[in-house]
Amino acid sequence: MKELRLMKGNEALAEAAIRAGADAYFGYPITPQSEVIEYLMANKPEDRTGMVVLQAESEIAAINMVYGAAGCGKKAMTSSSSPGMSLKQEGISYIAGAELPCLLVNVVRGGPGLGTIQPSQSDYFQSVKGGGHGDYKLIVLAPATVQESVDYVKLGFELAFKYRNPVMIQSDGIIGQMMEKVELFEQMPRVEPDYDWATLGKKKDQPSTFITSLQLQAEEQEKVNLRLQAKYREIEKNEVLFEEINCDDAEYLFTAFGSCARITRKAMEMARAKGIKVGLLRPQTLYPFPTEAFSKIADKVKGILCVEMNAGQMIEDVRLSVNGKTRVEHFGRFGGMIPNPDEILNALEQKIIGG
Amino acid sequence: MTEEIIIAGFGGQGVLSMGQILCYSGVMQEKEVSWMPSYGPEMRGGTANCTAIISDDQISSPVLNTFDTAIVLNQPSMDKFEDAVKPGGLLIYESNGMIRKPKRKDINICVINAYDESVKMNNTKVFNMIVIGGFLKIKPIIDMENVIKGLQKVLPERYHHLIPLNEDAIRKGMEIITVEHQLN
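Residues numbered from 1 in each chain as written. Chains lettered and ligands numbered in written order. Predicted model: local features only at pLDDT ≥ 70, side-chain atom pairs only at ≥ 80, totals over all residues. Heavy atoms only, no water.

Peer 1: Can you lay out the overall build of chain B for me, pointing to particular residues and giving the numbers?
Peer 2: Along its length, chain B carries seven helices and seven strands. Order of helices (α) and strands (β) in chain B, N terminus to C terminus: β-α-β-α-β-β-α-β-β-α-α-α-α-β. Whereas a compact globule of 184 residues would reach a radius of gyration of roughly 16 Å, chain B reaches 15 Å, a difference of no more than 12%. Projecting the C-alpha coordinates of chain B onto the three principal axes gives extents of approximately 45 × 40 × 40 Å. When each of the 184 residues of chain B is scored for burial, the buried share is 55%. Contacts in chain B between residues at least 24 apart in sequence constitute 59% of all its contacts with a sequence separation of at least 6. Carbon and sulfur atoms form 50% of the exposed surface of chain B, whose accessible area is close to 8000 Å². Between the mean site of the 18 positive side-chain charges and the mean site of the 22 negative ones, chain B shows a separation of 4 Å. (Helix = DSSP H or I, 4+ residues; strand = E, 2+ residues; numbered from the N terminus. Rg over C-alpha atoms; globule rule 2.2 N^0.38 Å. Buried < 20%, exposed > 50% of the residue type's maximum accessible area, 1.4 Å probe, protein only. Contact = heavy atoms within 4.5 Å. Areas by Shrake-Rupley, 256 points an atom, 1.4 Å probe, with all protein chains shown as cover. Lys, Arg positive; Asp, Glu negative; His and termini not counted. Charge placed at Lys NZ, Arg CZ, Asp CG, Glu CD.)

Next up, the structure:
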């Protein structure tokens, strides 16, 4: 039965992992993400579903445990916040190169460096453009509500196994720490892995399964790259998610993702109350990016304001999508500062309408 | 109806749980709710605050800079949030330990001496429930029965025997809150 609760984003995400039938969670505490591992430890999922929860000795150990579990066809995940996610990048690149499924969660905080513990969206480039080395892509989901934090765990595991590709949920300090009403999906069973790519012990009549991200021959590596690229084109074709609010009659457009989209929505309501016809296009998948949606709406709006809690990262993808058809400006606060609706509305008036 | 509330005070006064109780109660009354705590360095330094929003409609931003109601329980919180009350809004303050009274004339101001009352009740832990009572007297946005249901959700079962005590504290708060400045 579906169940209504009031939960913190991080806790709801952890509960969703148990209910999605995850086999293993490996992590290391860091603010503002620690509630994920706290909740999992306190709830003893080993008694509920047999799910393994382990606090690793470091972020690097955690991601490599995920790599190992994923190689056995297990539903494995890890979570961290920005500095911890940087440490995991080598492992993520290996997992992407070895084409294994897993779920990653980044509850983003301000940077660079150890930065601050307050909310930020400054890891967009890291998540979307490949934070590790090599030509790879993560599927990146950006929840704007606690409900989406739950739903994207389920969706994330589905996509990870559908494409044998790591999936990243990019949350932030606001979504992770806030409490909202949430409807939890029913407990799903854990599944005994039965995949021809997984290393589950070689049977007599089976060829060996070999998981690696190393190809010494360039010809072989290029084949891997071509296969990855073909997979990414499929993902771009099938998995784009976005939300359009008040876009039908819009003369101007806001765009924002995650928690920033919530604040921007408030600015949109204030603008509408003043008679400014502005809509909001919120990418729910940051990769694959809703390129077509932006291209279409660019034909009819007079300008787009991209609101982010960073110095301007998603705006690059917006500009590529719009391809010069309309002007695109950026408004951002960073370092853990959260923009308020008044300043967002003011930026629309100054940079787009009056600019 | 949308009520945007900031609750601020010292760590240990029950600031975060007040917000949670209001939100849980709101859920029981089939409202949309959101609760956002301060979790930054201020949490490590003694002062705490949370934003609670209770609404009939979908809630857009969980983070705000102006509020319908500010409940301030110490002087630093008064200094920080008095100006964040919307004109025509409500400021509720705890009188104990407050050196400077609020200056605004364009808002409604209520005062409650919840700390002394909690001492009288021999249980300073119900301090925050007395304050909630005071707030619900001035803004009866949630019915008492739903507050009790909310408490049942927030409190682990082993503390459910304390719910009658909390209910008494809420009713006490409703009795003792006084209006200091009222707009026409």
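Peer 1: Let's hear about the sheet that holds strand β4 (residues 67-72) of chain B: which residues, and what values?
Peer 2: Overall, mixed pairing links the nine strands, which are arranged β1(A)-β8(A)-β2(B)-β3(B)-β1(B)-β4(B)-β5(B)-β6(B)-β7(B) in an open sheet. Of all strands in the sheet, those bounded by a partner on one side alone are β1 (3-8) of chain A together with β7 (178-181) of chain B. On average, each strand axis in the sheet is tilted by 25° relative to the strand beside it, whichever way the strands run. Pairing of strand β5 (residues 85-94) of chain B with strand β6 (residues 108-112) of chain B involves five bridges; the strand directions are parallel. Directly across from E94 of chain B, in β6 of chain B, lies its bridge partner I112 of chain B. Lying over the sheet, helix α5 (residues 127-138) of chain B contacts β1 (2-10), β4, β5 and β6 of chain B, oriented at roughly 145° with respect to β6 of chain B. (Pairing = 2+ DSSP bridges. Axes fitted to C-alpha atoms, helices over the stretch in contact; angles between N-to-C directions.)

Peer 1: How would you sum up the interface of chain B and chain A? Please name residues and give values.
Peer 2: The partner chain A presents 24 residues to the 26 residues of chain B that form the contact. Both sides together, the interface formed by chain B and chain A hides about 2100 Å², and carbon and sulfur atoms give 61% of it. Sorting the residues of chain B by area buried against chain A places W35, Y39 and S60 of chain B first, and these three jointly supply 29% of that buried surface. Linking chain B with chain A are two salt bridges, by the criterion used here. Residue E32 of chain B is joined to K181 of chain A by a salt bridge in which the shortest nitrogen-to-oxygen separation is 3.6 Å. Here chain B and chain A share nine residue pairs in polar contact (both at pLDDT 80 or more) between them. Elements that contribute at least two residues to the side of chain B that touches chain A include exactly α1 (15-28), β2 (32-37) and α2 (41-44) of chain B. If one sorts the elements of the side of chain B that touches chain A by residue count, β2 of chain B sits on top with six residues. (Buried area = accessible area lost by both parts, 1.4 Å probe. Salt bridge = Lys/Arg side-chain N within 4 Å of Asp/Glu carboxyl O. Polar contact = N/O pair within 3.5 Å; in protein donor to acceptor, adjacent residues only side chain to side chain.)

Peer 1: Just give me the short version of the environment of I163 of chain B, but keep the residues and values in it.
Peer 2: All names here are of chain B. You can see I163 is positioned in helix α7 (residues 163-176). For I163, a relative accessible area of 6% gives the class buried. Here the alpha-carbon distance between I163 and M78, two residues 85 residues apart in the chain, equals 30 Å.

Peer 1: Got a sec to walk through the nonpolar core? Specific residues and values, please.
Peer 2: Among the nonpolar cores identified, the biggest contains 117 residues, and V153, F254, V318 and L348 of chain A are the most heavily contacted of them. Here this core gets nine residues from one element, more than from any other, and that element is helix α7 (residues 146-163) of chain A. Here this core spans two domains, since at least three of its residues come from each of domain 1 (3-192 + 226-238) and domain 2 (243-353) of chain A. If sequence neighbours within four positions are ignored, V153 of chain A has contacts with L13, A16, A17, A20, L103 and I169 of chain A. Counting 41 residues, the second largest nonpolar core, distinct from the first, contains I5, A52, I130 and I132 of chain B. (Core = buried A, V, L, I, M, F, W, Y, C linked by side-chain atoms within 4.5 Å. Domains from an automatic or database assignment.)

So far we have only geometry, and geometry alone does not tell us how the molecule works.
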